[in-house]
Amino acid sequence: MRVLGPFDLLKIQYEQNLGVTDEECFRSLVESAPVGIFFNDAEGQCMYTNPRWREIVGICYEEGLGHGWRDAIAPEDRESVFTEWRQCVEQGRKFSREFRFRRPNGEVRWVHGRAIPLRSADGVVQGYVGTNEDITERKQLELGLRAQLRLATLHAEIGVALNSGNSLRSILQECATFLVKYLDVGLFRLWTLNEAEQTLELQASAGLSTHSNEPHGRIPVGQLTIGLIAQERRPHLTNDILP
């Protein structure tokens, strides 16, 4: 009894859908396809990837075999993508999802991954054939448009707040809330300088902490990080939470 390999099963699928019966023509079609093509066995392990797939992902043929392709998925997406893939394999159903690969050089490529089960005449799943379409440019455009929309909405919201007629402190608090909301800021605080007392007075706070009372409600100039910034009158860049 002959065991069918990945190219055999792929060829059967293409014969059924495209009428391609010539072996050389079929191999040429797969190897030169403008999308990434992969074949996984019935257990979900990768047995073949075409050149375009390896170009998109940035790894060699051997590295993508088995479950090696999993390690190439961006850490942010890896667990959820692999879990969904395993569920599709266990249930013998189609897979379709957008996710990110992270190349060895750190470059991120967005793909739309699709896969369908290959079944025998009696309905038994013999493997999966799928494609990875590089959608990086489209995703970058979408993200850029979303960023523009957020900035436009932020500008409008702040404009309304500035013309609300409320007290200065109330306006500043509203603006702080909008900045956190639309710029994905973890924490925003705004102090004003009481020159007579040389003290920074907290006027607005939004995000991780919204307390405007002590110990950070009033900070003497020169004390804590924010106080030193006021004293030196120079910007300070840090990943730490101030003050």
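Residues numbered from 1 in each chain as written. Predicted model: local features only at pLDDT ≥ 70, side-chain atom pairs only at ≥ 80, totals over all residues. Heavy atoms only, no water.

Here the focus is the pattern of salt bridges. Within the structure shown, the criterion is met by 17 salt bridges. Across the pair Glu142 and Arg138 runs a salt bridge whose closest N-O atoms are separated by 3.1 Å. Of this pair, Glu142 and Arg138 both sit in helix 7 (residues 136-162), 4 residues apart, roughly one helical turn. For Glu142, a relative accessible area of 25% translates into the label partly exposed. Since its relative accessible area comes to 36%, Arg138 is described here as partly exposed. (Salt bridge = Lys/Arg side-chain N within 4 Å of Asp/Glu carboxyl O. Helix = DSSP H or I, 4+ residues; strand = E, 2+ residues; numbered from the N terminus. Buried < 20%, exposed > 50% of the residue type's maximum accessible area, 1.4 Å probe, protein only.)

Turning next to the confidence of the model for the protein. On average, residues of the protein score 86 in pLDDT, and 85% of them reach the 70 mark or higher. Here helix 1 (residues 6-18) stands out as the least confident element of the protein, with mean pLDDT 52; strand 3 (residues 95-102) is the most confident, with 97. Note on residues 1-5: pLDDT under 50 across the span, and 4 contacts to partners over four residues away in sequence or across chains. (pLDDT = per-residue confidence, 0-100. Contact = heavy atoms within 4.5 Å.)

Let's shift gears to the pairing of strand 1 (residues 36-41). Extensive coverage of strand 1 is indicated by the burial of 6 of its 6 residues. Relative to strand 5 (residues 125-134), strand 1 runs antiparallel, the two sharing 6 bridges. Within the sheet, the bridge partner assigned to Asp41 lies in strand 5 and is Gly127. Relative to strand 2 (residues 46-49), strand 1 runs antiparallel, the two being bridged by 3 bridges. Bridging across to strand 2, Phe38 finds its partner in Thr49. Counted along the chain from strand 1 to the antiparallel partner strand 2, the turn is 4 residues long, and its residue Gly44 has a positive phi close to 90 degrees. (Pairing = 2+ DSSP bridges.)

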